[in-house]
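Topology and contacts: notes
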Amino acid sequence: DLVYHYNQLPPFATRHYDIGRRVAIVGVGNVAVDISRWLVRMRQVDEVVVVARRGPAEVKFDKSEMESVIANLDAAALDAELARTAPVMQAAGQDPAAAREFILSALPKAYEQVSATRLRLDFLAAPARIVGENGRVTGLEVNETSLVAVEGGVEAHPTGRTRVIPCDTVVFAVGDSVDPAF
């Protein structure tokens, strides 16, 4: 619905969406990056955290899509996230350096930075529940995952550990079907 809203499609264009200053987006595909673009470039929120249950080597966005937000990517936070996830990735036969190279491959054609929005990627985190207080979102609780190599690929498996990503808005950008009501 949010994508329909900012693309001005009726009746979504006239609906109000309460978007806070710290937004968690669940998913690491092109739709998640497109929503990030709107939040970074148009809404100019304080922070966007893109949350993925899988690892950095399994992002689904295109390099060309990432060009619109890569200038806002917190490079130090990316390196810290890659350092955190590297042992899990390596155990599953993945290369953290190659994942970093792909994520940053959009830099040469980066759009001009137009906001101070901080963009972060948070991997190995499966959404469990939205945390709130007094009717307002305060965070996204995630189950931490690990990667397990299986025949033909890698699967994310829960570790039993949870943590909360502070945010005041959660947007889900997962799935591959169009809303049948549309």
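What comes next is a walk through the structure. The structure presented is a predicted model; accordingly, all values stated were derived computationally and were not measured.

1. What about the packing of aromatic side chains?
Per the stated rule, a full pass over the model turns up three aromatic pairs. An angle of 50° between the planes, with centres 4.9 Å apart, marks the rings of Tyr-4 and Phe-12 as tilted. Across the pair, Phe-12 and Tyr-4 agree in class, each one buried. Arranged with centres 4.9 Å apart and planes meeting at 15°, the rings of Tyr-6 and Trp-38 form a pair that is stacked. Placement of Tyr-6 in helix 1 (residues 2-6) and of Trp-38 in helix 2 (residues 30-43) is noted, with a sequence separation of 32 residues between them.

2. Some remarks on the nonpolar core
Ile-25, Leu-39 and Met-66 are the most contacted members of the largest nonpolar core, which totals 38 residues. If you list the elements that add at least two residues to this core, you get helix 1, strand 1 (22-26), helix 2, strand 2 (47-51), helix 4 (75-91), helix 5 (96-104) and strand 3 (118-122). When residues in this core are grouped by element, the largest group, six residues, is from helix 2. Setting aside residues up to four positions removed in sequence, Ile-25 forms contacts with Ala-32, Ile-35, Ser-36, Leu-39, Val-48, Val-49, Val-50, Val-51, Val-171 and Ala-173. Counting ten residues, the second largest nonpolar core, distinct from the first, contains Val-49, Val-51, Ile-165 and Cys-167.

3. A closer look at the pairing of strand 4 (residues 125-133)
The pairing of strand 4 with strand 5 (residues 136-150) spans eight bridges and is classified as antiparallel. If you follow Ile-130 over to strand 5, its bridge partner there is Leu-140.

4. Observations concerning the environment of Lys-60
Residue placement: Lys-60 occurs in the loop between strand 2 and helix 3 (63-66). Using a relative accessible area of 61% as the deciding quantity, one classes Lys-60 as exposed. Taking the C-alpha atoms as reference points, Lys-60 and Phe-102, 42 residues apart in sequence, are found 11 Å from one another. Beyond its immediate sequence surroundings of up to four residues, Lys-60 is in contact with Val-28, Gly-29 and Asn-30.

5. Notes on the side chain of Ser-115
Along the chain, Ser-115 turns up in the loop between helix 5 and strand 3. Of note is the side chain of Ser-115, whose polar atom sits 3.0 Å from the side chain of Thr-117. Apart from the residues within four sequence positions on either side, Ser-115 is in contact with Val-40, Gln-44 and Asn-72.

6. Thoughts on the environment of Val-45
Relative to the assigned elements, Val-45 resides in the loop between helix 2 and strand 2. Exposure remark for Val-45: the relative accessible area of 3% places this residue in the buried category. Taking C-alpha positions, Val-45 is 8.2 Å from Ala-116, a pair spaced 71 residues apart along the chain.

7. Here we look at the pairing of strand 5
Where strand 4 folds back onto strand 5 in an antiparallel hairpin, the turn is made up of two residues, including Asn-134, whose phi is positive at roughly 55°. Direction of pairing for strand 5 relative to strand 6 (residues 153-166): antiparallel, over a ladder of eleven bridges. Within strand 6, the position partnered with Leu-140 by the bridge is Ile-165. Linking strand 5 back to strand 6 in an antiparallel pair, the connection comprises two residues, with Gly-152 at a positive phi of about 85°.

Parameters and conventions
Residues numbered from 1 in each chain as written. Predicted model: local features only at pLDDT ≥ 70, side-chain atom pairs only at ≥ 80, totals over all residues. Heavy atoms only, no water. Phe/Tyr/Trp six-rings, centres within 6.5 Å; stacked < 30°, edge-to-face > 60°. Buried < 20%, exposed > 50% of the residue type's maximum accessible area, 1.4 Å probe, protein only. Helix = DSSP H or I, 4+ residues; strand = E, 2+ residues; numbered from the N terminus. Core = buried A, V, L, I, M, F, W, Y, C linked by side-chain atoms within 4.5 Å. Contact = heavy atoms within 4.5 Å. Pairing = 2+ DSSP bridges. Polar contact = N/O pair within 3.5 Å; in protein donor to acceptor, adjacent residues only side chain to side chain.

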